[in-house]
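Residue-level listing of the chains:
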Amino acid sequence: MPAPDQQSSKASASVFRRLLLLVGCVAIGLIIGYIGERLTSQAMWFLAVPVCIAIGWIFVANPDECVAPQCSARQKDTDS
């Protein structure tokens with residue numbers, strides 16, 4: 001089991017990495033929107049921002065972190 005200091009630094013690195021990826025997705029969406037709007041004069045191109053965020057979320061999200069950990073049979077026996 002890692003030391004508490006290692007866990008907190010790992011968690012902060014994960015948060016920092018995810019924040020950078022979010023900023024990157026927003027930036028890519030804005031670039032696509034800006035170029036598309038300049039070429040076609042349609043502001044609809046800025047819908048690329050939420051699309052890029054959704055695509056990034058699909059590749060970065062970890063569903064295992066959203067589910068509560070399962071209790072083992074041994075823990076259930078001791079809780080009763």
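Here we summarise the structure given alongside this text.

Parameters at a glance
Residues numbered from 1 in each chain as written. Predicted model: local features only at pLDDT ≥ 70, side-chain atom pairs only at ≥ 80, totals over all residues. Heavy atoms only, no water. Helix = DSSP H or I, 4+ residues; strand = E, 2+ residues; numbered from the N terminus. Buried < 20%, exposed > 50% of the residue type's maximum accessible area, 1.4 Å probe, protein only. Areas by Shrake-Rupley, 256 points an atom, 1.4 Å probe, with all protein chains shown as cover. Patch = residues over 30% accessible without salt bridge, like charges linked within 9 Å, V, L, I, M, F, W, Y side chains within 5 Å. Salt bridge = Lys/Arg side-chain N within 4 Å of Asp/Glu carboxyl O. 1 Å grid on protein atoms, 1.4 Å probe; cavity = no way out; pocket = protein on both sides within 12 Å on 5 of 7 lines; lining within 4 Å. Points joined across faces, edges and corners; volume = space filled by probe spheres on them. Nonpolar A, V, L, I, M, F, W, Y, C, P; charged D, E, K, R; others polar. Expected span 1.5 Å × (residues − 1). Arc of directions from axis to C-beta.

### Remarks on the overall build of the protein chain
Then, number 1: Within the protein chain, the regular secondary structure consists of 3 helices and 0 strands.
Then, number 2: Listing the helices and strands of the protein chain from first to last along the sequence gives α-α-α.
Then, number 3: A total of 80 residues make up the protein chain; the buried ones form 10% of that total.
Then, number 4: Element-wise, carbon and sulfur atoms account for 68% of the exposed surface of the protein chain, whose accessible area totals about 6900 Å².

### Focus on unusual backbone geometry
Then, number 1: Phi is positive for Ser41, close to 60°, though the residue is something other than glycine.
Then, number 2: With respect to the element layout, Ser41 can be found in the loop between α1 (4-40) and α2 (48-60).
Then, number 3: In this structure Ser41 comes out as exposed when scored by relative accessible area, which is 64%.

### Here's the deal with a nonpolar patch on the surface
Then, number 1: Taken together, the side chains of Leu30, Ile31, Tyr34, Ile35, Leu39 and Phe46 make up a nonpolar region of the molecular surface, amounting to roughly 620 Å² of accessible area.
Then, number 2: Assignment of secondary structure puts Ile31 in helix α1.
Then, number 3: For Ile31, a relative accessible area of 51% translates into the label exposed.

### Re the layout of surface pockets
Then, number 1: Estimated volume of the largest pocket: approximately 180 Å³.
Then, number 2: Looking at the largest pocket, the residues that line it are Arg18, Leu21, Leu22, Cys25, Ile53, Gly56, Trp57, Val60 and Ala61.
Then, number 3: Among the elements of the structure, α1 and α2 are those that each provide at least two residues to the lining of the largest pocket.
Then, number 4: The class makeup of the residues in the lining of the largest pocket is 7 nonpolar, 1 polar and 1 charged.

### Considerations on α2
Then, number 1: With 13 residues, α2 ought to run about 18 Å at 1.5 Å a step, and its terminal C-alpha atoms sit 18 Å apart, in line with that.
Then, number 2: Those residues of α2 not exposed but buried are Ala48, Val49, Cys52 and Gly56. Take α2 and look down its axis: the buried residues cluster within an arc of 105°, on one side only. Exposed side chains of α2 directed beyond 90 degrees from the buried face belong to Trp57 and Ile58.

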